[in-house]
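Below are the chains, spelled out letter by letter.
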Amino acid sequence: MLTELRGLNEECGVFGIWGHSNPAAMSYYGLHALQHRGQEGAGIVVTDGKSLRAVKGEGLVNDVFNNGKLEQLEGHSAIAHVRYATAGGSGIENVQPLLFNSTTGSLAIAHNGNIVNATRLKRNLEQQGSIFQTTSDTEVLAHLLKKSRLPSFEERAKQSLRLLEGAFAFIILTEDGMLVAQDPQGMRPLSLGMLDNAWVVASETSAFDLIGAELVRSIEPGELLIINDNGCRSERYMEKRDRAICTMEYVYFSRPDSDIDGINIHSARKRLGKQLAKEIFIAADVVTGVPDSSISAAIGFSEATGIPYELGLIKNRYVGRTFIQPSQDLRERGVKMKLSPVRQVVKGKRVVMVDDSIVRGTTSKRIVNMLKEAGATEVHVVISSPPLKNPCFYGIDISSDSELIAANNTIEEMRVLIGADSLSFLSVEGMVKAIGRPEGEKNCGHCLACFTGEYPTDIFPDTKLPHEKELVR
Ligand code: SF4
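Here's a quick rundown of the structure. Because the structure is predicted, anything quoted here is derived from the model rather than measured. Positions within a chain are numbered from 1, following the residues in the order the chain's sequence is written. In keeping with the predicted nature of the model, local features appear solely for residues at pLDDT of at least 70, side-chain atom pairs appear and are counted solely at 80 or more, and the whole-chain, interface and lining totals rest on all residues. The side-chain numbers reported here are obtained from all heavy atoms of the structure, hydrogens and water having been left aside.

A closer look at the overall build of the protein chain
Our working definition: For helices the rule is a DSSP run of H or I covering at least 4 residues; for strands it is a run of E covering at least 2, with both sets numbered from the N terminus onward. Here's how the labels work: a residue is buried when its accessible area is under 20% of the maximum for its type, exposed when over 50%, partly exposed in between, all with a 1.4 Å probe on protein chains only. Accessible surface area values rest on a Shrake-Rupley calculation with a 1.4 Å probe, where residue burial reflects the displayed protein chains alone.
Counting its secondary structure elements, the protein chain contains 18 helices and 23 strands. A total of 473 residues make up the protein chain; the buried ones form 61% of that total. As displayed, the protein chain offers around 17800 Å² of accessible surface, 49% of which is attributable to carbon and sulfur atoms.

Structure (structure tokens):
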């Protein structure tokens, strides 16, 4: 996956385990399976029932947990996190899980997503005396939890979660238990599993496979799980709304071996490629996919059209971390280091290049150019999703439509800008149908905002929600 090169980045991956003899090691392996969701920071917090201890750092999982650091983390339960710095910026203070020690009990939080009313909540809390340690939106939840006067931690959590708007998958660790919460629309993937007698929670099911855990089920929108030595109990902190799972999880972010709500990501991407073949016709000699996330769609397109699939582009997996940086300059320089055309495959051929999305267009332009330099006579760019025209406010790094080529150009203008012989996109209806979520909920339970501009939540809440007075007055 060329995540770091395109400017379309998932913010985070979360993992948690309760009741295991070596939770730090399981978390470490779990984070490896989630590494594609964030490469800028990683952390694990464990509890032994008496206190919480953290090891965190900037960089890849392997870089952070070197030199015996895992051995410092003894306990029976843990939560863990990998981060890509978008909301709140980079810096060690924003690396999660965030840990708050207090005489009334410690607390650690791992969060995937983005709280869209965090700024306003933070302002209110600061006016009432709260002092924030980080610039992360996640810290708002910790202050709300500490401010609440309700008697049980569970009630405080429910009250605090009700104040948040946006996308969030939270895992909260205390000395006594682990709380797991999904936002009322279920915008981020989050699943529950079991490993022997330990409860496991992860952003993606690929983390379960890596540690040998069994999938139990997806966490439901608006659900709060309370996991402790007595077992796992499901509660609801808010009425479930129509699900609005991030469609880009299926198209691009999640690993092909993960499942979301029972739908395997590789299979969904193959169907996206097959659907493309129904919607467009291209006369070509070979189909190739931009590695890694577009290969499944390219295979589907090839199978449906009969145009042979070939490995026309390969990814250099050993490029240093210098190129995994959220800056445009490094992203652009990184493309050449990361990808190479297979000259003998594309030379003299009309090539269909399948990609999952176009953000700024700079990467597509370079890849098209690379294939032409390698001797392709025609390069037809086929995108297995609709044009990205609107920013995302839910934890994906497309915060302004000025960054999006499709927001400011027609498809023909985009084709000219990237230098392709043709450029085609999948329709919104075709994408939703091909992914195959059940009908019944609005948009079959998808968030489609970056394609359609129809946001599933209030994105700039500027009036106080009535229940916000509970805590923030
Ligand atoms: S706006 Fe797009 S990227 Fe953001 S959550 Fe919705 S589908 Fe995902």
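Some details on the sheet that holds strand E10 (residues 198-202)
To keep it simple, the criterion reads: Two strands form a pair only when DSSP identifies at least two bridges running between them. Note on definitions: angles span 0 to 180 degrees between N-to-C directions of axes, and those axes are lines fitted to C-alpha atoms, for helices only across the stretch in contact. What makes two residues a contact is simply this: any of their non-hydrogen atoms within 4.5 Å.
The strand order across the open sheet formed by 7 strands is E3-E2-E4-E1-E10-E9-E11, and the pairing between neighbours is antiparallel. For this open sheet the edge positions go to strand E3 (52-58) and strand E11 (214-218), each flanked by a neighbour on one side alone. Looking at each pair of strands side by side, their axes are set apart by 15 degrees on average, direction ignored. The sheet strands contacting helix H2 (residues 23-34) are strand E1 (12-18), strand E2 (41-47), strand E4 (77-83) and strand E9 (191-195), and the helix crosses E1 at an angle near 155 degrees.

Side note on the sheet that holds strand E7 (residues 166-173)
One open sheet accounts for 6 strands, arranged E5-E6-E7-E8-E12-E13; its pairing is antiparallel. On the outer flanks of this sheet lie strand E5 (98-100) and strand E13 (231-236), each paired with one strand and no other. Put simply, the sheet's adjacent strands are angled 20 degrees from each other on average, direction ignored. Relative to strand E12 (residues 223-228), strand E8 (residues 178-182) is paired through 4 bridges, and the arrangement is antiparallel. The partner of Val180 across the bridge, within E12, is Leu225.

Details of the site of the ligand
Where we set the bar: If a single non-hydrogen atom of a residue is within 4 Å of a molecule or strand, that residue counts as near it. Any residue that is not Ala, Val, Leu, Ile, Met, Phe, Trp, Tyr, Cys, Pro, Asp, Glu, Lys or Arg is counted as polar, Gly included; the first ten are nonpolar and the last four charged.
Within the structure, the ligand sits among Arg188, Cys246, Thr247, Met248, Cys392, Tyr394, Ile396, Cys447, Ala449 and Cys450. For the shell around the ligand, the elements supplying multiple residues, two or more each, are helix H8 (247-253) and helix H17 (449-452). Looking at the shell around the ligand residue by residue, the class counts come to 8 nonpolar, 1 polar and 1 charged.

A look at H2
One full turn of an α-helix is made of 3.6 residues, so residues set three or four places apart face in the same direction. Formally: Helix span, expected: 1.5 Å multiplied by one less than the number of residues in the helix.
For H2, built from 12 residues, the straight-helix expectation of 16 Å at 1.5 Å per residue is met to within 8% by its first-to-last C-alpha distance of 16 Å. For H2, the tally of buried residues reaches 10 of 12 residues, placing the bulk of the element in the interior. Those residues of H2 not exposed but buried are Pro23, Ala24, Ala25, Met26, Ser27, Tyr28, Gly30, Leu31, Ala33 and Leu34. Looking at the packing, one finds that the buried side of H2 touches E1, E2, helix H3 (61-64), E4, E9 and helix H7 (206-211).

Digging into the packing of helix H5 (residues 139-147) against helix H6 (residues 153-161)
Counted only if it meets this: Each angle gets one of four labels, with under 35 degrees taken as roughly parallel, over 145 as roughly antiparallel, 65 to 115 as roughly perpendicular, and the rest as oblique. Here is the rule for handedness: rotate from the far helix to the near one, and if that takes an anticlockwise turn smaller than a right angle the crossing is left-handed, while a clockwise turn gives right-handed.
In the contact formed by H5 and H6, the axes pass within 9 Å of each other and the chain directions differ by 130 degrees. Classified by the angle between their axes, H5 and H6 sit oblique to one another. The element H5 and its partner H6 pack so that their crossing is right-handed. Contact residues: H5 offers Leu141, Leu144 and Leu145, while H6 offers Phe153, Arg156, Ala157, Ser160 and Leu161. Across the contact of H5 with H6, the residue classes break down as 6 nonpolar, 1 polar and 1 charged.

Details of the pairing of strand E6 (residues 107-115)
With 9 of its 9 residues buried, E6 lies for the most part within the structure. Looking at chain direction, E5 and E6 are connected through 3 bridges and run antiparallel. By the bridge assignment, Leu98 is partnered in E6 with Ile109. Between E5 and E6, which pair antiparallel one after the other, the connecting turn spans 6 residues, and Gly105 there sits at a positive phi close to 120 degrees. Across 8 bridges, E6 lies against E7 in antiparallel orientation. Among the inter-strand pairings, Gly113 is bridged to a residue of E7, identified as Phe168.

Considerations on the pairing of strand E21 (residues 378-383)
Applied cut-off: By convention a crossover is right-handed if, when the strands point away from the viewer, the path from the first strand over the helix to the second runs clockwise.
Most of E21 sits inside the fold, with 5 of its 6 residues counted as buried. Across 6 bridges, strand E20 (residues 350-355) lies against E21 in parallel orientation. Bridge assignment links Val351 to a residue of E21, and that residue is Val379. As a crossover connection, the stretch from E20 through helix H13 (residues 362-373) into E21 is right-handed. Note that E21 and strand E22 (residues 422-425) share 4 bridges and pair parallel. Paired with Val382 across the bridge in E22 is Ser424.

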